[in-house]
Amino acid sequence: MTDSDIIEETIQFVKETLKDAEGGHDWFHIRRVFKNTLLIAKDEEVNYLVVGLGALLHDIADSKFHNGDETVGPRIAVNFLKSLNVDQPTIDHVVNIIENISFKGGKEAQKFKSAELDVVQDADRLDAIGAVGIARCFNYGGFKNRVLYDPDISPNLNMSKEEYKKSKAPTINHFYEKLLLLKDRMNTKTGRKLAEGRHEYMLGFLEQFYAEWNGEI
């Protein structure tokens, strides 16, 4: 089986697995991250099979939707890739990407580093900011039945990993607790360049939001 065949089989597997997923973590999210990954990878020296599989499988079983269990995604990915006879070093690298890609809040340290992870992580973070990032943020907030905004509840920038995972704060707080922090955490030159415009778009959105909330315009 060629690398292209493996990627195509993975695309079909992910489409089927995530067909009923929450709108911010569905196949269309994966497709955007996959396309961002290929775009960023053009300027990086990376293994294209690893970054492709990492992008396609990074949210195959997001722990948010599995009672916080971070082992489900890697386990599904391993079983699937073994069924395609993917070599073990590639499987191990993809699992390391899945396990280390997410923003976990607080001071949680990333335990693995590679050029491939840098690329997929930037691609995933790009989808969390800008217009699409705003839409995903409020979609998930609605999914969790969170209030839009409460001026009496301030963002918490010092949450532990567990506090971040269990947070029920208003959706607007998530901009300060994660989204606005991502621009300065991009790994690649292309990722940083693309993040600039999306970051500015979010700042403009927040300015408009507060003005409307306060009845100023």
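So, here's what we can say about the structure. Just so we're clear, the structure is a prediction, and the values are computed from it rather than from any experiment.

**Re the side chain of Asp26**
Its place among the elements puts Asp26 in the loop between α1 (3-17) and α2 (27-41). Of the buried charged residues, Asp26 lacks a salt bridge, with Arg32 as the closest side chain of opposite charge at 5.1 Å. Engagement of the side chain of Asp26 in a polar contact is seen with the backbone nitrogen of His29, the distance being 3.1 Å. In this structure, Asp26 is in contact with Leu18 and Ala21, ignoring residues within four places of it in sequence.

**Some remarks on the environment of Asn47**
Structurally, Asn47 is set in the loop between α2 and α3 (48-57). Residue Asn47 is classed as partly exposed on the basis of its relative accessible area, which comes to 36%. For Asn47 and Tyr201, which are 154 residues apart along the polypeptide, the C-alpha to C-alpha distance reads 32 Å. A distance of 2.9 Å separates the side chain of Asn47 from the backbone nitrogen of Leu49, its partner in a polar contact.

Calculation criteria
- Residues numbered from 1 in each chain as written.
- Predicted model: local features only at pLDDT ≥ 70, side-chain atom pairs only at ≥ 80, totals over all residues.
- Heavy atoms only, no water.
- Helix = DSSP H or I, 4+ residues; strand = E, 2+ residues; numbered from the N terminus.
- Buried < 20%, exposed > 50% of the residue type's maximum accessible area, 1.4 Å probe, protein only.
- Lys, Arg positive; Asp, Glu negative; His and termini not counted.
- Salt bridge = Lys/Arg side-chain N within 4 Å of Asp/Glu carboxyl O.
- Polar contact = N/O pair within 3.5 Å; in protein donor to acceptor, adjacent residues only side chain to side chain.
- Contact = heavy atoms within 4.5 Å.

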